[in-house]
Amino acid sequence: QVQLVESGGGLVQAGGSLSLSCAASGRTFSSYHMGWFRQAPGKEREFVARISRGGVITSYADSVKGRFTISRDNGQNTVYLQMDSLKPEDTAVYYCAASNLVASEETSYDYWGQGTQVTVSS
């Protein structure tokens, strides 16, 4: 089992940057594939990015490709999401999640953090 805690959210102007972190408890962090998801007000939660156990393979939603970068540090039990060129439509609660599968569907993820709010003003 793994517990996840996100941090780094906040308010930023359009065009700005934010860096999110997700700290995991437990010794098995490196055995999980990790993902970031987000949920905007009135919308369903959607996939943002994912990274493989070893950090070699990444995948992004089309809406964030080229602007967001996912990475991980298995020694620090942490996964990151660097968000650049932010847009108002990126406003959402951002969640990190852990999975035993290489997948972009939220149903494949077993463990979730509590979320961190990101607000992008125009």
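Residues numbered from 1 in each chain as written. Predicted model: local features only at pLDDT ≥ 70, side-chain atom pairs only at ≥ 80, totals over all residues. Heavy atoms only, no water.

Asks: Quick question: what am I supposed to make of the overall build of the protein chain here?
Replies: Looking only at helices and strands, one finds zero helices and 11 strands in the protein chain. N-terminal to C-terminal, the α/β element order of the protein chain is β-β-β-β-β-β-β-β-β-β-β. Relative to the globule expectation of 14 Å for 122 residues, the C-alpha radius of gyration of the protein chain, 13 Å, shows essentially globular dimensions. Across its three principal directions, the C-alpha atoms of the protein chain cover 40 × 25 × 25 Å. Taking the contacts inside the protein chain whose residues are at least 6 apart along the sequence as the reference set, 57% of them involve residues at least 24 apart. Accessible surface for the protein chain amounts to roughly 6100 Å². Of this, 46% is attributable to carbon and sulfur atoms. When the 10 positive and 11 negative side-chain charges of the protein chain are each reduced to one mean point, those points stand 4 Å apart. (Helix = DSSP H or I, 4+ residues; strand = E, 2+ residues; numbered from the N terminus. Rg over C-alpha atoms; globule rule 2.2 N^0.38 Å. Contact = heavy atoms within 4.5 Å. Areas by Shrake-Rupley, 256 points an atom, 1.4 Å probe, with all protein chains shown as cover. Lys, Arg positive; Asp, Glu negative; His and termini not counted. Charge placed at Lys NZ, Arg CZ, Asp CG, Glu CD.)

Asks: Got a minute to help me understand the nonpolar core in this structure?
Replies: The nonpolar side chains of a soluble globular protein tend to be buried, and buried together. With 33 residues, the main nonpolar core has Trp36, Val79, Leu81, Met83 and Tyr94 as its most contacted residues. For this core, the secondary structure elements donating two or more residues are strand S3 (18-24), strand S4 (33-39), strand S5 (46-51), strand S7 (68-73), strand S8 (78-83), strand S9 (92-99) and strand S11 (116-121). Filtering out sequence-adjacent residues up to four positions away, methionine 83 remains in contact with Gly16, Ser17, Leu18, Leu20, Arg67, Phe68, Tyr94 and Val118. (Core = buried A, V, L, I, M, F, W, Y, C linked by side-chain atoms within 4.5 Å. Buried < 20%, exposed > 50% of the residue type's maximum accessible area, 1.4 Å probe, protein only.)

Asks: Help me understand the pattern of salt bridges in this model?
Replies: Side chains carrying opposite charge are able to pair once their charged atoms draw close together. As enumerated under the stated definition, the model contains five salt bridges in all. A salt bridge links arginine 38 to glutamate 46; the nearest nitrogen and oxygen atoms lie 2.7 Å apart. Here arginine 38 falls in the buried class, since its relative accessible area comes to 5%. The salt bridge involving arginine 67 is made with aspartate 90; its shortest N-O contact spans 2.8 Å. Of this pair, arginine 67 sits in the loop between strand S6 (58-60) and S7 while aspartate 90 sits in the loop between S8 and S9, and the two are 23 residues apart along the sequence. (Salt bridge = Lys/Arg side-chain N within 4 Å of Asp/Glu carboxyl O.)

Asks: Can you help me understand the state of the cysteines in this one?
Replies: In a disulfide, the sulfur atoms of two cysteines are covalently bonded to one another. Taken as a whole and assessed by the stated rule, the structure comprises one disulfide. There is a disulfide in this structure between cysteine 22 and cysteine 96, and the S-S distance comes to 1.9 Å. Its S-S torsion of approximately 45 degrees makes the covalent link between cysteine 22 and cysteine 96 right-handed. With cysteine 22 in strand S3 and cysteine 96 in strand S9, this residue pair connects regions lying 74 residues apart in the sequence. A relative accessible area of 0% means that cysteine 22 is categorised as buried. Classification of cysteine 96 as buried rests on a relative accessible area of 0%. (Disulfide = S-S within 2.5 Å.)

Asks: How should I be thinking about the sheet that holds S8 in this particular structure?
Replies: Within a sheet, neighbouring strands are paired by backbone hydrogen bonds and run either parallel or antiparallel to one another. One open sheet accounts for four strands, arranged S1-S3-S8-S7; its pairing is antiparallel. In this open sheet, the two strands that pair with only one neighbour each are strand S1 (4-7) and S7. Across the sheet, the axes of successive neighbouring strands diverge by a mean angle of 15 degrees, strand direction being ignored. Judged from the six bridges that link them, S7 and S8 form a sheet pairing that is antiparallel. (Pairing = 2+ DSSP bridges. Axes fitted to C-alpha atoms, helices over the stretch in contact; angles between N-to-C directions.)

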